[in-house]
Amino acid sequence: MASTKQKRVIIEPVTRVEGHGKVSILLDEKNTVTQARLHIVEFRGFERFVQGRPFWEVPVLVQRLCGICPVSHHLAAAKAMDWIVGGEKLTPTAEKMRRLMHYGQTFQSHALHFFHLASPDLLFGFDADVAIRNVIGVAAKYPDLAVQGVMMRKYGQEIIKATAGKKIHGTGAIPGGINKNLSIAERDVFLKDIDQMLTWCRGALKVAVDYTTANLATAAPFGSFDSNHLSIVRKDGSMDLYDGNLRAIDAQGKKILDQVAPQDYYKVIAEEVRPWSYMKFPFIKSIGPKDGWYRVGPLARINTCDFIDTPEAEAARKEFMKLTDGKPNNITMAYHWARMIELLHSGEKIRDLLNDKDLQGTDLVTKGDRRDEGIAIVEAPRGTLFHHYRVNKDDQVVMANLIVSTTSNNEPMNRAVQKVAQDHISGKPEITEGLLNHIEVAIRAYDPCLSCATHALGRMPLEVILVDSTGTVIDRKRK
Amino acid sequence: MAKAKVATTSLCGCFGCHMSLLDIDDRILKLVELVDFNKSPINDIKEFTERCTVGLIEGGCCNEENVRVLRDFRKHCDILISVGDCATMGGIPAMRNTIPLKECLDEAYLNGPTVHNPSGQIPNDPEIPLLLNRVYPCHEVVKIDYHLPGCPPSADTLWEALVALLTDKPVALPYELIKYD
Ligand code: SF4
């Protein structure tokens, strides 16, 4: 039973994690942590209000869920609508244009997260002075790195603009295809800079590798725990961010699911509702809600795939797997390293696509037998993203189900918060600003969606209030 | 000349408007010379520490917390700007206004094809803020001085508007920069 002396610590707002998030921590009179939770405090109701809308409008509509990875929602919805119009076998030009858009987005998103958000913690330390532990501090001390971050993000955004028509909330993907190809002039602009981008990718990867190996003793246990991992993989087991079938493995690498078609996702995944968060808790049905939760995103993808189909990223993956003797890596802080491998992979993919003549093709849209249901999965920068729609004969959406990446990481982020609260806050007489940042660092490793902008130029605003059981504020810390 | 103070916030928005601000790319380094950021998700200032010249608001109001933050911005900023279609008109989230809130919640937490909710409970913990009956554009809650349309307004739109305001020029944006989505 909760003691009357129980204290409640609130961190609010943590971030925009698919909306606002906050952390609550309960402590007993000895400051031992008895409960720590990450709450997602925003609700928008997309599933209900897209009902009645014409299906072809959905790819431009649902991306307004998220301005940080709109391309993922745009493409997942378009892929689902491909099934509605019977156009799921895209023309080469359409598929490659969409892939280019997707790799452009992964490129900009990973660069943004690493340079603008994570690098201050890694370069200056979790407890560093607040005044410098942000991207402005990085710009002052490591100006080259900061400029690289800005320019890499710009490159990715320009690719999105060239394929989707607009940097944020574009319109390029349509049911059954795409509405433009890539002109030679557009292509040449990107080709001019791609080698520079790849060089910077290698540099960023090195920063992440060096950080992790140099700090392994503290980084390995930090917010870490064994977990299942889930992503899509290609038929031959390669990493594929745009298309593939579901694979899930356990913490030792044993396959739980393999080559499950996206159309069967609802047979293997369910989402638990808990009253204290607007974000649901997905789990693998065959294992159940208690132990069936899993991680998604860069770490999970590197763990689940058999190989990466671009040479430099594959070499980097092998290096990464050595750290854990070829077993799945369950280190939360290793997300950064994994993310930088994917940054390099996206750079390589962009280079290969730019050199592919199919991008100048003119056969943009296909069609086939009309269906009334469409299900699609993509690997968004932050993890596996599910879109599922049913449509009536008047072309109106009658059902929509979305499982966004950050939702799958809900339980893992909660575990990370609990672990850090237990390891670093429990029993401490005073909660310092540096300790608060430890909680942020753990949440941030997952790069939760919508928080990216909060992250964008540095850090999440955090407030912790110590309140006793009568509601009296005992202590208040703000950073 | 003392630097102008700028504050920004995202209410019921998707952060796309903040992302668009980042899309000014290397001009961001110039912006930092022109202004100091006060309360904003781009730094760690949680509550206003001083009066601000300009407040940029992304997103309308969908819950009680949004309203509190918006009123706080009005109190601390000389000029408030609704940035983007969500702040200006409620935007896509306001599509829920034609539907009873309960139906939206039921769809997400009871009816969806992957929902596992044996207790049938809808999230209601005191730790999560109460939702408003509908989504409100910002000017229905406080006085707003300027509206920048677009979903999101382009980086150039944001840049031109900010530079004009901060250098005491009239905000006369060319036609191409004023776009509704
Ligand atoms: S106006 Fe558009 S870009 Fe801005 S917050 Fe709203 S949906 Fe996002």
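Just above, that's the structure.
Scope of this entry: the structure provided in the associated data block.

Cut-offs and rules
- Residues numbered from 1 in each chain as written.
- Chains lettered and ligands numbered in written order.
- Predicted model: local features only at pLDDT ≥ 70, side-chain atom pairs only at ≥ 80, totals over all residues.
- Heavy atoms only, no water.
- Helix = DSSP H or I, 4+ residues; strand = E, 2+ residues; numbered from the N terminus.
- Contact = heavy atoms within 4.5 Å.
- Areas by Shrake-Rupley, 256 points an atom, 1.4 Å probe, with all protein chains shown as cover.
- Buried < 20%, exposed > 50% of the residue type's maximum accessible area, 1.4 Å probe, protein only.
- Lys, Arg positive; Asp, Glu negative; His and termini not counted.
- Charge placed at Lys NZ, Arg CZ, Asp CG, Glu CD.
- Salt bridge = Lys/Arg side-chain N within 4 Å of Asp/Glu carboxyl O.
- Near = heavy atom within 4 Å.
- Nonpolar A, V, L, I, M, F, W, Y, C, P; charged D, E, K, R; others polar.
- Core = buried A, V, L, I, M, F, W, Y, C linked by side-chain atoms within 4.5 Å.
- Pairing = 2+ DSSP bridges.
- Axes fitted to C-alpha atoms, helices over the stretch in contact; angles between N-to-C directions.
- Left-handed = near helix turned anticlockwise from the far one by under 90°.
- Phe/Tyr/Trp six-rings, centres within 6.5 Å; stacked < 30°, edge-to-face > 60°.

A word on the overall build of chain A
Per the secondary structure count, chain A includes 16 helices and 16 strands. In chain A, the share of contacts with a sequence separation of at least 24, taken over all contacts with a separation of at least 6, comes to 69%. Summing over all exposed atoms, chain A offers an accessible surface of approximately 15,500 Å²; the carbon and sulfur share of this is 54%.

Some words on the overall build of chain B
Each helix and strand in chain B was counted, giving six helices and eight strands. Along its sequence from the N terminus, chain B presents helices and strands in the succession β-α-α-β-β-β-α-β-α-α-β-β-β-α. For chain B, the C-alpha atoms occupy an extent of roughly 60 × 35 × 30 Å along the three principal directions. Looking at chain B residue by residue over its 181 residues, the buried ones come to 60%. A sequence separation of at least 24 residues applies to 77% of the contacts in chain B between residues at least 6 apart. Accessible surface computed for chain B: about 7,700 Å², of which carbon and sulfur atoms make up 55%. Positive and negative side-chain charges in chain B, numbering 17 and 26 respectively, have mean positions lying 6 Å apart.

Things to note about the pattern of salt bridges
Residue and element names in this part refer to chain A. Within this structure, the stated rule accounts for 44 salt bridges over all chains. Note that Arg444 and Asp121 form a salt bridge whose closest N and O atoms lie 2.3 Å from each other. Of this pair, Arg444 sits in helix H15 (residues 433-445) while Asp121 sits in helix H4 (residues 92-124), and the two are 323 residues apart along the sequence. Both residues of the pair, Arg444 and Asp121, belong to the buried class. One network of salt bridges, in which partners are shared, links Arg234, Asp236, Asp309 and Lys349.

A word on the site of the ligand
Near the ligand you find 13 residues, and of these Cys14, Cys17, Asp85, Cys86 and Cys151 of chain B are the closest. In this structure, the ligand sits where chains A and B come together, each supplying nearby residues. Among the secondary structure elements, those contributing two or more residues to the shell around the ligand are helix H1 (16-22) and helix H4 (84-89) of chain B. Tallying contributions element by element places H4 of chain B first for the shell around the ligand, with three residues. Its residues assigned to classes, the shell around the ligand comprises five nonpolar, five polar and three charged.

Some details on the nonpolar core
Ile25, Met152, Tyr155, Phe320, Met333, Ile341 and Ile350 of chain A are the most contacted members of the largest nonpolar core, which totals 88 residues. Excluding anything up to four places from it in sequence, Ile341 of chain A contacts Leu205, Ile302, Ile308, Ala313, Ala316, Arg317 and Phe320 of chain A. Within the second largest apolar cluster, 59 residues are counted, among which are Val50, Cys66 and Tyr389 of chain A together with Leu173 of chain B.

A short note on the sheet that holds strand S7 (residues 245-249) of chain A
All names here are of chain A. Across the sheet, which stays open at both edges, the four strands sit in the order S8-S7-S6-S11 with mixed pairing between neighbours. Edge positions in the sheet fall to strand S8 (255-260) and strand S11 (294-295), since each of these pairs with one other strand and no more. In terms of strand pairing, strand S6 (residues 228-233) meets S11 through two bridges, oriented parallel. In the strand pairing of S11, Asn228 is matched with Tyr294.

Section: the environment of Val404 of chain A
All names here are of chain A. The residue Val404 is located in the loop between strand S14 (397-403) and helix H13 (405-408) in this model. Since its relative accessible area comes to 12%, Val404 is described here as buried. Sequence spacing of Val404 and Lys30 is 374 residues, and the spatial spacing of their C-alpha atoms is 39 Å.

Thoughts on the packing of H4 of chain A against H15 of chain A
Residue and element names in this part refer to chain A. Between H4 and H15, the shortest axis-to-axis distance is 10 Å and the interhelical angle comes to 145°. Handedness of the crossing formed by H4 with H15: left-handed. Mapping the contact onto sequence places His113, Leu117 and Asp121 in H4 and Asn437, Val441 and Arg444 in H15.

A closer look at unusual backbone geometry
Omega for the bond connecting Cys151 of chain B with Pro152 of chain B falls within 30 degrees of zero, at -10°, which places this linkage in the cis form. Relative to the helices and strands, Pro152 of chain B resides in the loop between strand S8 (146-148) and helix H6 (155-166). A positive phi is found at Asp325 of chain A, a non-glycine position, where the angle reads about 55°. Structurally, Asp325 of chain A is set in the loop between helix H11 (311-322) and helix H12 (335-354). Taking the relative accessible area as the measure of exposure, Asp325 of chain A reaches 72% and is therefore exposed. Residue Asp395 of chain A is not a glycine yet carries a positive backbone phi of 70°. With respect to the element layout, Asp395 of chain A can be found in the loop between strand S13 (383-391) and S14.

A short note on the sheet that holds strand S9 (residues 269-272) of chain A
Taken together, the three strands give an open sheet; going across it, the order is S10(A)-S9(A)-S6(B), and neighbouring strands pair in mixed fashion. The sheet is open, and its two edges are formed by strand S10 (281-284) of chain A together with strand S6 (115-116) of chain B, each paired on a single side. Across two bridges, the pairing between S9 of chain A and S6 of chain B is parallel. If you follow Glu272 of chain A over to S6 of chain B, its bridge partner there is His116 of chain B.

Considerations on the packing of aromatic side chains
Remark: the centre distance and the inter-plane angle together describe each pair of aromatic rings, the angle taken between the planes. Residues and elements named next belong to chain A. A complete count under the given rule lists 12 aromatic pairs over all chains for this structure. Ring centres of Phe124 and Tyr142 lie 6.1 Å apart, and the angle between their planes is 40°; on these two criteria the pair is classed as tilted. Pair noted here: Phe124 is in helix H4 and Tyr142 is in the loop between helix H5 (135-141) and helix H6 (143-164), with a separation of 18 residues, a long-range link. Relative accessible area serves as the criterion here: at 16%, Phe124 is assigned to the buried category. Chaining the aromatic ring pairs together yields one cluster made of Phe107, Tyr155 and Phe190.

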